[in-house]
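# Observations on the model geometry
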Amino acid sequence: MELELREVDDLVLEQLRTAVLLPPEQAEYVGGSVDDALHEAATYPEAKPWPRGVFVDGFPVGFVMLSWDVRPDPPDPALVGPWFLWKLMISRDHQGRGYGRAVVAAVAEIVHAQGGTELLTSYGEGPGDPSGFYVSVGFVPTGERHEGEVLARLDLGG
Ligand SMILES: CC(C)(COP(=O)(O)OP(=O)(O)OC[C@H]1O[C@@H](n2cnc3c(N)ncnc32)[C@H](O)[C@@H]1OP(=O)(O)O)[C@@H](O)C(=O)NCCC(=O)NCCS
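Residues numbered from 1 in each chain as written. Predicted model: local features only at pLDDT ≥ 70, side-chain atom pairs only at ≥ 80, totals over all residues. Heavy atoms only, no water.

Assigned secondary structure in the protein chain consists of five helices and seven strands. Counting from the amino terminus, the protein chain carries its helices and strands in the arrangement β-α-α-α-β-β-β-α-β-α-β-β. Relative to the 2.2 N^0.38 estimate, which gives 15 Å for 158 residues, the radius of gyration of the protein chain is 15 Å and therefore close to what a compact globule would have. Expressed as lengths along the three principal axes of its C-alpha atoms, the size of the protein chain is roughly 40 × 35 × 30 Å. Counting every position in the protein chain, which comprises 158 residues, the buried fraction comes to 42%. Intrachain contacts of the protein chain at a sequence separation of at least 6 include 65% that bridge at least 24 residues. Surface summary for the protein chain: the accessible area is close to 8300 Å², and the carbon and sulfur share equals 51%. Across the protein chain, 11 positive and 25 negative side-chain charges occur, with their mean positions spaced 3 Å apart. (Helix = DSSP H or I, 4+ residues; strand = E, 2+ residues; numbered from the N terminus. Rg over C-alpha atoms; globule rule 2.2 N^0.38 Å. Buried < 20%, exposed > 50% of the residue type's maximum accessible area, 1.4 Å probe, protein only. Contact = heavy atoms within 4.5 Å. Areas by Shrake-Rupley, 256 points an atom, 1.4 Å probe, with all protein chains shown as cover. Lys, Arg positive; Asp, Glu negative; His and termini not counted. Charge placed at Lys NZ, Arg CZ, Asp CG, Glu CD.)

Looking at the ligand, there are 20 residues lining it, with Leu88, Ile90, Gly96, Gly98 and Arg101 nearest. Gln95 is positioned with one of its side-chain polar atoms (N or O) 3.4 Å from an oxygen atom of the ligand. Arg97 places a main-chain nitrogen or oxygen 3.3 Å from an oxygen atom of the ligand. Within the complex, 72% of the 910 Å² of free accessible area of the ligand lies under protein. Elements represented by at least two residues in the shell around the ligand include exactly helix 2 (24-30), strand 4 (84-90), helix 4 (99-113) and helix 5 (131-136). Here the shell around the ligand takes four residues from helix 5, the largest share from any one element. Considering only residue class, the shell around the ligand consists of ten nonpolar, seven polar and three charged. (Near = heavy atom within 4 Å. Polar contact = N/O pair within 3.5 Å; in protein donor to acceptor, adjacent residues only side chain to side chain. Nonpolar A, V, L, I, M, F, W, Y, C, P; charged D, E, K, R; others polar.)

Considered for burial, the residues of helix 1 (residues 10-19) that qualify are Val12, Leu13 and Leu16. The arc enclosing the buried residues of helix 1, seen along the axis, measures out at 100 degrees, which places them on a common side. Exposed residues pointing more than 90 degrees away from the buried face of helix 1 are listed as Asp10, Leu11 and Thr18. On its buried face, helix 1 is in contact with strand 1 (3-7), helix 3 (34-43), strand 2 (49-56) and strand 3 (59-67). Sitting at the head of helix 1, Asp9 places a side-chain oxygen 3.3 Å from the backbone nitrogen of Leu11. (Arc of directions from axis to C-beta.)

In space, the seven strands of this open sheet follow the order 1-2-3-4-5-7-6, with mixed pairing throughout. Edge positions in the open sheet fall to strand 1 and strand 6 (140-146), since each of these has one partner strand only. Ignoring strand direction, the axes of neighbouring strands in this sheet form an average angle of 35 degrees. Pairing geometry for strand 6 and strand 7 (residues 149-155), over four bridges, is antiparallel. Each bridged residue has a counterpart across the sheet, and for Arg145 the counterpart in strand 7 is Val150. The sheet contacts of helix 1 involve strand 1, strand 2 and strand 3, and relative to strand 2 the element is tilted by about 65 degrees. Contacts between helix 3 and the sheet are confined to strand 2, strand 3 and strand 4, with strand 4 contributing the most and set at about 165 degrees to the helix. (Pairing = 2+ DSSP bridges. Axes fitted to C-alpha atoms, helices over the stretch in contact; angles between N-to-C directions.)

A full pass over the atoms with the stated rule returns seven salt bridges. Between Arg6 and Glu4 there is a salt bridge, with its nearest N and O atoms 3.1 Å apart. Relative accessible area serves as the criterion here: at 25%, Glu4 is assigned to the partly exposed category. Where salt bridges share partners, they join Glu14, Arg17 and Asp35 into one cluster. (Salt bridge = Lys/Arg side-chain N within 4 Å of Asp/Glu carboxyl O.)

And the structure:
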């Protein structure tokens, strides 16, 4: 499998719009569609969004967005960082094939190469929530919450 994280230009966005579809009960956990995620990115530039299309063997299968090295001065409790896995979605027809795990591994490697020692994320709880996925790929709940969601941490080593 060849996994690529592509910058979201007009062509990639068009591909993601038609290819990345979630059932409604999952979409609520990620806050909607790729367009909704990009709208959030435009609304919160201070969160330094880093959006990428997920392609496997050349086909669009998902979307990921990080907060990229966020270090507000003075500290801002609304911003989690410096490295935050803000959005992750794998299209319904492509789930369960290890792509989500591969994206987490790829972004962990990218963040580690930038000197990051941990990747944070947060998720809502309820039927069909992604908690099992995050635990399976190595995230550990910190015991804190962010905007009502469970905050979890992936150790990237020193
Ligand atoms: C959560 C999500 C990204 C997982 O992607 P995926 O490609 O299906 O996950 P993978 O196939 O890589 O699964 C990796 C592991 O997590 C497990 N897993 C995946 N989804 C799970 C779930 N909902 N509950 C429990 N375990 C889960 C898999 O069984 C697998 O375990 P294994 O390797 O031991 O067999 C995908 O289901 C999704 O996009 N969901 C909707 C959006 C969302 O909730 N995003 C996260 C919040 S921002």
